[in-house]
Amino acid sequence: MTLHWKLVVDAADPHAQAVFWAAALGYEVEDNAALIDQLIGVGALPEEETVAFQGRRAFRDLIAVRHPDDPVDERTGTGLGRRVLFQRVPEAKTVKNRLHLDLHPDQGRRDAEADRITGLGARVVERVKAQGGEWIVMTDPEGNEFCVC
């Protein structure tokens, strides 16, 4: 049996993280406005749990990005495939990630991709040459590590 899953990332500003990672991965920020309207309509979600984001209503403390080719639940705007969900947490990141993304651009495009992502707000931490290959260790705008391989 296989399981449906998503990667969840703690964030101080989930919406800014969603914008960064959508641009970095070529993903789309999910539009959950229809779901939010449904939940508010039945009294399951108070207005103060929402924010205006990119001209629509969004959850205040969480937002996801999804692969543009994957299916979407039209009633909720929720992706049904490859997703990354960013959730607001009160504490700041303090130590190295125990889990991270490796981004794999086309052959020969590692440096150009690192430059592109740096332009989105990432930072290069280290360029690694090891027996297993070469990669660039980077951090997103909130300091979460990832690699461009």
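These numbers come from a predicted model, not from an experiment. For every chain, the first residue of the written sequence is number 1, and numbering continues from 1 onward in sequence order. Confidence filtering applies because this is a predicted model: local features only for residues at pLDDT of at least 70, side-chain atom pairs given and counted only at 80 or more, and all residues used for totals across whole chains, interfaces and linings. Side-chain measures here rest on the full set of heavy atoms in the structure, leaving out hydrogens and waters.

Peer 1: An account of the nonpolar core is needed here, citing residue identities and associated values.
Peer 2: Counting 23 residues, the largest nonpolar core has Val65, Ile117, Met138 and Phe146 as its most contacted members. Think of it this way: any DSSP run of H or I at least four residues long counts as a helix, any run of E at least two long counts as a strand, and we number them from the N terminus. Tallying contributions element by element places helix H1 (residues 14-25) first for this core, with five residues. Excluding its chain neighbours within four sequence positions, the residues that come into contact with Met138 are Ala114, Ile117, Thr118, Ala122, Arg123, Val124, Val125, Asn144, Glu145, Phe146 and Val148. As used in this record, nonpolar core signifies buried Ala, Val, Leu, Ile, Met, Phe, Trp, Tyr and Cys residues forming a set joined through side-chain atoms within 4.5 Å. In this scheme, a residue with accessible area under 20% of its type's maximum is buried, one over 50% is exposed, and one in between is partly exposed, where area comes from a 1.4 Å probe on protein chains only. When checking whether two residues touch, look at their non-hydrogen atoms; a contact exists if any pair is within 4.5 Å.

Peer 1: I'd love a proper account of the packing of H1 against helix H3 (residues 110-119), names of residues and values included.
Peer 2: Lines fitted to C-alpha atoms define the axes here, with helix axes fitted over just the stretch in contact, and angles between the N-to-C directions of these axes take values from 0 to 180 degrees. At their nearest, the axes of H1 and H3 sit 10 Å apart, and the two run at 155° to each other. Between H1 and H3, the angle falls in the class roughly antiparallel. Helix-helix and strand crossings are classified by hand; for H1 and H3 the assignment is right-handed. Residues Phe20, Ala23 and Ala24 of H1 touch H3, and the partners they reach there are Glu113, Arg116 and Ile117. By residue class, the composition of the contact of H1 with H3 is four nonpolar, no polar and two charged. Angles below 35 degrees are treated as roughly parallel, those above 145 as roughly antiparallel, those between 65 and 115 as roughly perpendicular, and all remaining angles as oblique. Handedness of a crossing is defined here by the sense of rotation of the near helix relative to the far one, left-handed for an anticlockwise turn of less than a right angle and right-handed for a clockwise turn. Three categories are distinguished: nonpolar for Ala, Val, Leu, Ile, Met, Phe, Trp, Tyr, Cys and Pro, charged for Asp, Glu, Lys and Arg, and polar for the others, with Gly belonging to the last.

Peer 1: How would you sum up the side chain of Thr78? Please name residues and give values.
Peer 2: Here Thr78 shows up in strand E7 (residues 78-79). As used in this structure description, the phrase polar contact means that two N or O atoms lie within 3.5 Å; if the pair is within protein, one of them must be able to donate a hydrogen and the other to accept it, and residues adjacent in sequence are counted only when both atoms belong to side chains. One polar contact links Thr78 to Thr76, side chain to side chain, over a distance of 3.1 Å. If sequence neighbours within four positions are ignored, Thr78 has contacts with Glu30, Asn32, Val72, Asp73 and Arg83.

Peer 1: Provide a residue-level description of the pattern of salt bridges, including the pertinent values.
Peer 2: Any carboxyl oxygen of Asp or Glu within 4 Å of a side-chain nitrogen of Lys or Arg constitutes a salt bridge here. Under the definition given, this model contains 14 salt bridges. A salt bridge links Arg57 to Asp37, with the shortest nitrogen-to-oxygen separation between them at 3.4 Å. Taken together, the residues span a long stretch of sequence, with Arg57 in strand E4 (residues 56-59) and Asp37 in helix H2 (residues 33-41) at a distance of 20 residues. You can call Arg57 partly exposed: its relative accessible area is 28%. Taken together, the shared-partner salt bridges connect Glu49, Arg60, Asp61 and Arg88 into one network.

Peer 1: Can you break down unusual backbone geometry residue by residue, with the values?
Peer 2: Here Gln54, not a glycine, exhibits a phi torsion of approximately 50°, which is positive. Considering the arrangement of structural elements, one finds Gln54 in the loop between strand E3 (50-53) and E4.

Peer 1: Which residues make up the pairing of strand E5 (residues 62-66), and what values do they have?
Peer 2: Counting buried positions over the five residues of E5 gives four, a clear majority of the element. Strand direction decides the pairing type here: strand E2 (residues 28-29) and E5, joined by two bridges, are antiparallel. The residue bridging Glu28 from the neighbouring strand is Arg66, located in E5. Pairs of strands are assigned from DSSP output, requiring at least two bridges between the strands. Inspection of the sheet shows E5 paired to strand E8 (residues 83-88) by five bridges, in the antiparallel sense. By the bridge assignment, Arg66 is partnered in E8 with Arg83.

Peer 1: Before we move on, can you summarise the packing of aromatic side chains with the specific residues and values?
Peer 2: Any Phe, Tyr or Trp ring, taking Trp's six-membered ring, that has another such ring centre within 6.5 Å forms a pair; planes under 30 degrees apart are called stacked, those over 60 apart edge-to-face, and the others tilted. According to the stated counting rule, one finds three aromatic pairs in the structure shown. Ring centres 4.9 Å apart and planes at 70° place the aromatic pair Trp21 and Phe146 in the edge-to-face group. With a gap of 125 residues between them, Trp21 in helix H1 and Phe146 in strand E12 (residues 145-148) connect regions that are remote in the sequence. Here the aromatic residues Phe20, Trp21 and Phe146 are joined through ring pairs into a cluster of three or more.

It is worth stressing that arrangement in space is one thing and function is another; only the former is reported here.
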